[in-house]
Amino acid sequence: MKLSQYFLPILKEVPAEANIISHQLMLRCGMIKQTTAGIYSWLPLGFKVLKKIEEIVHDEQIKAGHIPMLMPTIQPAELWQESGRYDDYGKEMLRINDRQDRNYLYGPTNEELITDIFRSNVSSYKDLPLTLYHIQWKFRDELRPRFGVMRGREFYMKDGYNFDLNEKEAIDAYNRHFVSYLRTFNRMGLKAIPMKAETGPIGGNYSHEFLVLANTGESTVYFDKTLLDMDTGQGKLDYYQNTDIKKVVESFTTPYARTEDTHDANIFLEVPEERRIESKAIEVGQIFYFGTKYSEPMNAYVVNPDGQRVPVHMGSHGIGVSRLVGAIIEASHDERGIIWPEPVSPFFAGLINLNHRDEECLRVCDKVYEELGTNGIEILYDDTNERPGAKFAKMDLIGLPWQIVVGPKGVAEGKIELVYRSTGEATLLPLEEVIKKISTAYKALVKD
Ligand code: P5A
C-alpha cells in the first residue's frame, strides 16, 4: 500500500480525552475514531489489526475442534425471559422496541440464543460433544466506558459454547478452551496468565480469567511468579487426548493465581514471599462452566445412552477481540510509539523513501515494493513528499516490525538500510539482502 493512496489520519497532538497509552496511540495513529461514548469506528489501520487478531483466534479455535458460525447482534427478549436473565441483567442491557412494540435487545452475550439453536436441532447424546462459536459485536451499556476499546460499550468478542452429556465431558471441553486460549494469546506475543475468577452474570461456579499484566489494567491480581516462566507449548496437539490436556491445565492451575474477587490472603501467604506478585492486569478472556443453568429452564435436553432425557451440560468461553488491540499496545510500545508483534502487525514492513525527487531512490523503492509484494508481503510505502524526520517519526509511531530506508547516499553505494523497530538495530545492506531477510522473516511467521 502506498501511503499517498492510503487513509491514515495521523494526529499531531496527544488527544486530551485519552489517559492511557494504548488509547492515545490508537487515536494518534488514526486506528480508531470515537463515534460516541464507548463506540468506535475502526479506521483502515485499526481494522487491519483487528482482522489479524480475529484470524489468529479463528485459527486456534478450529485447531481445537470448535465450529465457527454467526449469530445476529439483535436478540428477542423472550429467550432471555426463559432463562430468567432478562430482568437480572439490569441496565447494562440495551433494550430495543420494534415498530410492533416487540421487545428486543442488542446481545451482550449469547448463551440463550445458542441454547435455542441447540434445542431446536439436537436431541441425542450421539451428537455430542459439540462446541460452536462466533465472533460478533456485543453491546454492554457500561456505567463507565473508558480507555478506548479496552472498555467499550460496543465491542468485538469471540464467544464459544460447549454442549456435553455430563459434567466430566463438559470439563474436558473447558480444558480444551483453557489450553487453546493459552496458545491464542501466546501467538499474539502476549503472556496471558489464567487466574481463578468470579462468574458474575454468566453464572456457574467454575471460571478462569486470562490476564495480561499492565499497570493500566483495571483488575488487581495475585499470583505466584513461577507462572511467568511457564511455557504454553508449541507444535501439534491432540485436543481430544483429555488426560494430556488436563495435565497442561493442572500445571497452570496449581500455582496460586487469583483475581481480586477470589483472592484469599491466607492461602497467598503460603507462596514463598519472593514469588508473591500483586499487579494490575487486563482481562483478555474468560471461560466458564455452568452446568445446566441454561439448559434446564430452556429445556435443552438430550437422550442419554440409557434412553433418559437429561439436560445438557454447558460452558461458555470469551475472548475480547477488540480489547486485545489495546492490550497488545499496552504490552508493546516505547516512547516513540507502538511496537507490533509480527503476527498482528497491520503491515509487515514500512518502506521509507528519503528523497522522492531522486530517480534512483524511486527506482529502488519501486523494486523493493514490487518484489516483496509479489511474495504476498504487505508493505506500507511512504512515497509522500514529507521531510525525512517526519517520515521516521510516523513509521516509529505506527510501529511496523521492519523499516526499509532508501536514501540517495546508500543507493549510490548500492545499499539500503534495514531497521528492526523493537531494538532500533539498523544495518546497511545490498538490496537483494534486504529482500531476502524480510522474505525469510515473513516465511517463518507464516509457517507458524
Ligand atoms: C463468555 C463468552 C462472557 O460474556 N459469555 C460468552 C461469556 N464472558 S465475559 O468475560 O463477560 O466477556 C468475555 C471477554 O470480553 C471482553 N469484554 C470487553 N471488551 C471490551 N469492552 C467491554 N466492555 C468488554 N466486556 C467484556 C473481555 O476480554 C472478556 O474477557
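Keep in mind it's a predicted model, so treat the numbers as computed, not measured. (Residues numbered from 1 in each chain as written. Predicted model: local features only at pLDDT ≥ 70, side-chain atom pairs only at ≥ 80, totals over all residues. Heavy atoms only, no water.)

Asks: Explain the packing of helix α2 (residues 44-63) against helix α9 (residues 321-331) residue by residue, including any values.
Replies: Relative orientation of the contacting elements α2 and α9 amounts to 115°, with a least axis distance of 9 Å. By the angle between their axes, α2 is roughly perpendicular relative to α9. Seen from above, α2 lies across α9 with right-handed handedness. Only Val-321, Ser-322, Leu-324, Val-325 and Ile-328 of α9 make contact with α2, whose side of the interface consists of Val-49, Leu-50, Ile-53, Glu-54 and Val-57. (Axes fitted to C-alpha atoms, helices over the stretch in contact; angles between N-to-C directions. Helix = DSSP H or I, 4+ residues; strand = E, 2+ residues; numbered from the N terminus. Parallel < 35°, antiparallel > 145°, perpendicular 65-115°, else oblique. Left-handed = near helix turned anticlockwise from the far one by under 90°. Contact = heavy atoms within 4.5 Å.)

Asks: Could you give me a rundown of the sheet that holds strand β20 (residues 379-382), with the residues and numbers involved?
Replies: Taken in spatial order, the five strands line up as β20-β19-β21-β22-β23 in an open sheet, and their pairing is mixed. Either end of the sheet is taken by a strand with one partner, and the two such strands are β20 and β23 (426-430). Pairs of neighbouring strands in the sheet enclose a mean axial angle of 25°, with direction left out of account. In this sheet, β20 lies alongside strand β19 (residues 349-353) in parallel orientation, the contact comprising four bridges. Note that in β20 the partner of Leu-351 across the bridge is Tyr-381. Of the strands in this sheet, β19, β21 (402-406), β22 (415-420) and β23 are in contact with helix α13 (residues 431-447), which crosses β23 at around 115°. (Pairing = 2+ DSSP bridges.)

Asks: I'd like a description of the nonpolar core, backed by residues and values.
Replies: Of all hydrophobic cores here, the largest spans 74 residues; its most connected members are Met-31, Ile-53, Phe-185, Phe-210, Val-284, Val-325 and Trp-340. Element by element, the count of residues in this core is highest for helix α6 (residues 167-187), at seven residues. Formed by 27 residues, the second largest nonpolar core is a distinct cluster that contains Trp-80, Leu-128, Leu-165 and Ile-202. (Core = buried A, V, L, I, M, F, W, Y, C linked by side-chain atoms within 4.5 Å. Buried < 20%, exposed > 50% of the residue type's maximum accessible area, 1.4 Å probe, protein only.)

Asks: Talk me through the side chain of Thr-384; I want residue IDs and the actual numbers.
Replies: In this fold, Thr-384 is placed in the loop between β20 and α11 (388-398). At a separation of 2.6 Å, a polar atom in the side chain of Thr-384 contacts the side chain of Asp-382. (Polar contact = N/O pair within 3.5 Å; in protein donor to acceptor, adjacent residues only side chain to side chain.)

Asks: Explain the sheet that holds strand β6 (residues 103-106) to me, and be specific about the residues and the numbers.
Replies: Strand order across the open sheet formed by three strands is β4-β6-β5, with antiparallel pairing between neighbours. What marks the edges here is a single partner per strand, and that holds for β4 (74-76) and β5 (94-97). Across this sheet, the average inter-strand angle for adjacent strands is 40°, counted without regard to direction.

Asks: Can you break down unusual backbone geometry residue by residue, with the values?
Replies: Each neighbour pair has its own omega, and for Leu-128 with Pro-129 the value is 0°, a cis peptide bond. Even without a glycine there, the phi angle at Asp-101 is positive, about 65°. Structurally, the position occupied by Asp-101 is in the loop between β5 and β6. Even without glycine at this site, Phe-147 takes up a positive phi of about 60°. Under the relative-accessibility criterion, Phe-147 is labelled buried at 15%.

Asks: Describe the layout of surface pockets, with residues and values.
Replies: In this model, the largest pocket occupies a volume close to 1,100 Å³. Lining of the largest pocket is provided by 46 residues; of these, Arg-140, Arg-151, Glu-283, Gln-286 and Arg-323 occupy positions nearest its centre. Of all the secondary-structure elements, those providing two or more residues to the lining of the largest pocket are β8 (154-164), β11 (219-224), β13 (276-291) and β16 (313-320). It is β13 that provides the largest number of residues to the lining of the largest pocket, a total of seven residues. (1 Å grid on protein atoms, 1.4 Å probe; cavity = no way out; pocket = protein on both sides within 12 Å on 5 of 7 lines; lining within 4 Å. Points joined across faces, edges and corners; volume = space filled by probe spheres on them.)

Asks: Any details on α2? Residues and values, ideally.
Replies: A rise of 1.5 Å per residue sets the reference length of α2, with its 20 residues, at 28 Å; its end C-alpha atoms lie 29 Å apart and thus fit the reference within 8%. A positive phi of about 85° marks Gly-65, the residue just after α2. (Expected span 1.5 Å × (residues − 1).)

Asks: Explain empty space enclosed by the protein to me, using residue names and the numbers behind them.
Replies: Evaluated as defined, the whole model comprises one cavity of 30 Å³ or more. Taken as a whole, the largest cavity encloses approximately 60 Å³ of empty space. Considering the residues around the largest cavity, the lining is formed by Gly-38, Ile-39, Tyr-40, Trp-42, Trp-137, Val-149, Gly-152, Glu-154, Phe-155 and Ser-322. Contributions of two or more residues to the lining of the largest cavity are made by β2 (39-42) and β8. Broken down by element, the lining of the largest cavity gets its largest block of residues, three residues, from β2.

Asks: Now, about the packing of aromatic side chains: what can you tell me, with residues and values included?
Replies: Geometrically, a pair of aromatic rings is defined through the distance of the ring centres and the angle of the planes. Scanning all chains against the criterion turns up 16 aromatic pairs. Geometrically, the ring pair formed by Phe-178 and Phe-210 is edge-to-face, given 5.5 Å between the ring centres and 65° between the ring planes. Here Phe-178 is found in helix α6, whereas its partner Phe-210 is found in strand β10 (residues 206-213), with 32 residues between them in sequence. For the residue pair Phe-178 and Phe-210, the accessibility class agrees, reading buried in each case. An aromatic cluster is built from Phe-178, Tyr-181, Phe-185 and Phe-210, whose rings are joined through pairwise contacts. Here the basic side chain of Lys-48 rests over the ring of Phe-347, its NZ or CZ set 4.7 Å away from the ring centre. Between the NZ or CZ atom of Arg-95 and the centre of the ring of Tyr-86, over which it lies, the distance is 4.6 Å. (Phe/Tyr/Trp six-rings, centres within 6.5 Å; stacked < 30°, edge-to-face > 60°. Lys NZ or Arg CZ within 6 Å of the ring centre and 35° of its normal.)

Asks: Tell me about the site of the ligand, and name the residues and values.
Replies: With respect to spatial proximity, 23 residues lie near the ligand, and among them Thr-109, Glu-111, Arg-140, Gly-152 and Glu-283 are the closest. Measuring from an oxygen atom of the ligand, one finds a side-chain N or O atom of Glu-283 at 2.4 Å. In this structure, Arg-323 approaches the ligand through a side-chain N or O atom, which is 3.5 Å from a nitrogen atom. Of all elements in the fold, only β8, β13 and β16 reach the threshold of two or more residues within the shell around the ligand. (Near = heavy atom within 4 Å.)

Worth remembering: the numbers are spatial, not functional.
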